Amino acid sequence: MSTYRYLGRSGLQVSPIALGTMMFGGPTDEATAQRIIAHAEAHGINFIDTADVYQKGTTEQVVGRAIRADRDDWVLATKFGNPLGEGPNRRGSSRKWIIEAVENSLRRLGTDYIDLLYFHRADFNAPLGEAVRAVGDLIRSGKVRYFGVSNFRGWRIAEVAHLADAEGIDRPIASQPLYNLVNRSAEVEELPAAAAYGLGVVSYSPLARGVLTAKYPSCGDAEPTRARPARTSACWRPNGASNPSIEIAEEIRRHIGERGISPVDFALAWVFNNKLITSAIAGPRTFEQWEGYVKALDYRFTAEDEALVNRLVAAGHPSTPGYTDPGHPVEGRVPHVAAAQEE
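What counts, and at which threshold
Residues numbered from 1 in each chain as written. Predicted model: local features only at pLDDT ≥ 70, side-chain atom pairs only at ≥ 80, totals over all residues. Heavy atoms only, no water. pLDDT = per-residue confidence, 0-100. Contact = heavy atoms within 4.5 Å. Salt bridge = Lys/Arg side-chain N within 4 Å of Asp/Glu carboxyl O. Helix = DSSP H or I, 4+ residues; strand = E, 2+ residues; numbered from the N terminus. Buried < 20%, exposed > 50% of the residue type's maximum accessible area, 1.4 Å probe, protein only. Expected span 1.5 Å × (residues − 1). Core = buried A, V, L, I, M, F, W, Y, C linked by side-chain atoms within 4.5 Å.

Caption draft 1: Focus on the confidence of the model for the chain. Here the chain shows a mean pLDDT of 91. Residues at 70 or above account for 91%. Ignoring residues within four places in sequence, the model shows residues 219-242, a span with pLDDT below 50, making 47 contacts including any to other chains.

Below, the structure written as structure tokens:
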């Protein structure tokens, strides 16, 4: 196992791989999830990432049962913010919902405290100050040890840090952006902002929702199935044409050739080759996928590898020109007159 790293400017040390659990209790049954978690712990992984919304709460229950015997050995992260039921106040970042969401997560996880609580995404119209004060109260109560942000732009990272200063609590210690070699958008401001304000970066989707496994020969020739990325993935253009990400994955597969490594090894190693990354979330569906993630820690990236990726995808850009993740819309255009909808 690689050396543990301090998470941001905190004294908390985490493994370079965080075990992502989004599939647990859904496509990944509980027995397989327990096997993966046991294997992770045996190989020195001490960082596990979940969220209240995963499998509508079932994932937290599965994780809680699996780590209960040695709970204190794990750095347990969960998140709030996404909808969990009907009604406007069963989501977002109001004081009401944050406290309720944390109480529910603690019950599902079967624990007295959460090591790292993330804002899952920005609540664009809600006041950040109220949310930071609510998290501060949870930290003071002992129910939360540290907090972080996920999918926050650079200016929001700065604002949360300043609000924490004003509240008299420690700043957030972690930022969780989407980051992989076919979507380098986070390099523009999210990663530098995290470094400037003392947040470690725990990136997610290192395989670009499976695209970088190089197992999808085409994304435009058929409708998505369980074996293909969804239409919300960066793998799809609006017109259904094959995305450059597929071609890049094929180019990487050719590049690694007979080296005895897989595209998964290469994609994860590229993420780890950035000094601004503390840990990367590996979210397996099967035990075999998890074994592949762990093996990737053995590969050492080369200058030739780095040059190849820079040639294929420009720093700070996604591979698909003009692509914007629909889950993270551009906020800087608020027209007085909205565009007419196309039929």
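Caption draft 2: Structural detail: the pattern of salt bridges. This structure, assessed with the given rule, holds 19 salt bridges. A salt bridge links Arg 253 to Glu 250, with the nearest nitrogen and oxygen atoms 2.5 Å apart. In this pair, Arg 253 and Glu 250 both sit in helix H7 (residues 244-256), three residues apart, roughly one turn of the helix. Asp 265 is the salt-bridge partner of Lys 295, the closest N and O atoms lying 3.1 Å from each other. Residue Lys 295 is located in helix H9 (residues 287-295), and its partner Asp 265 is located in helix H8 (residues 263-272); the two are separated by 30 residues in the primary sequence. With a relative accessible area of 2%, Asp 265 lands in the buried category. One network of salt bridges, in which partners are shared, links Arg 95, Asp 137, Arg 140 and Glu 167.

Caption draft 3: A look at helix H3 (residues 95-109). Counted at 1.5 Å a residue, the expected span for H3 with its 15 residues is 21 Å, and the 21 Å between its end C-alpha atoms agrees. For H3, every residue scored as buried is listed here: Trp 97, Ile 98, Ala 101, Val 102, Asn 104, Ser 105, Leu 106, Arg 108 and Leu 109. Buried-residue contacts for H3 involve helix H2 (58-67), strand E5 (75-80), strand E6 (114-119), helix H4 (128-141) and strand E7 (144-150). In the segment just after H3, Gly 110 is the residue with positive phi, at about 65°.

Caption draft 4: Quick look at the environment of Val 149. Inspection of the secondary structure puts Val 149 in strand E7. The exposure class assigned to Val 149 is buried, which follows from its relative accessible area of 1%. A sequence separation of 53 residues divides Val 149 from Lys 96, and the C-alpha atoms of the two residues are 19 Å apart. The contacts of Val 149, once residues within four sequence positions are left out, are Tyr 118, Phe 119, Ile 157, Val 160, Ala 174, Ser 175, Gln 176 and Leu 199.

Caption draft 5: Up close: unusual backbone geometry. Residues other than glycine seldom take positive phi values, yet Ser 205 does so here, at roughly 60°. In this model, Arg 209 sits at a positive phi of 55°, which is unusual for a non-glycine residue. Tracing the chain through its elements places Arg 209 in the loop between strand E9 (200-203) and H7.

Caption draft 6: Representation of the nonpolar core in the model. Among the nonpolar cores identified, the biggest contains 83 residues, and Phe 119, Leu 181, Phe 266 and Trp 290 are the most heavily contacted of them. When residues in this core are grouped by element, the largest group, eight residues, is from H8. Apart from residues no more than four positions distant in its own chain, Phe 119 is found in contact with Phe 80, Ser 93, Leu 128, Ala 131, Val 132, Val 135, Phe 147, Gly 148, Val 149, Ser 150 and Phe 152. In this structure, Leu 7, Leu 12, Phe 47 and Ile 281 belong to the second largest nonpolar core, which totals 15 residues.

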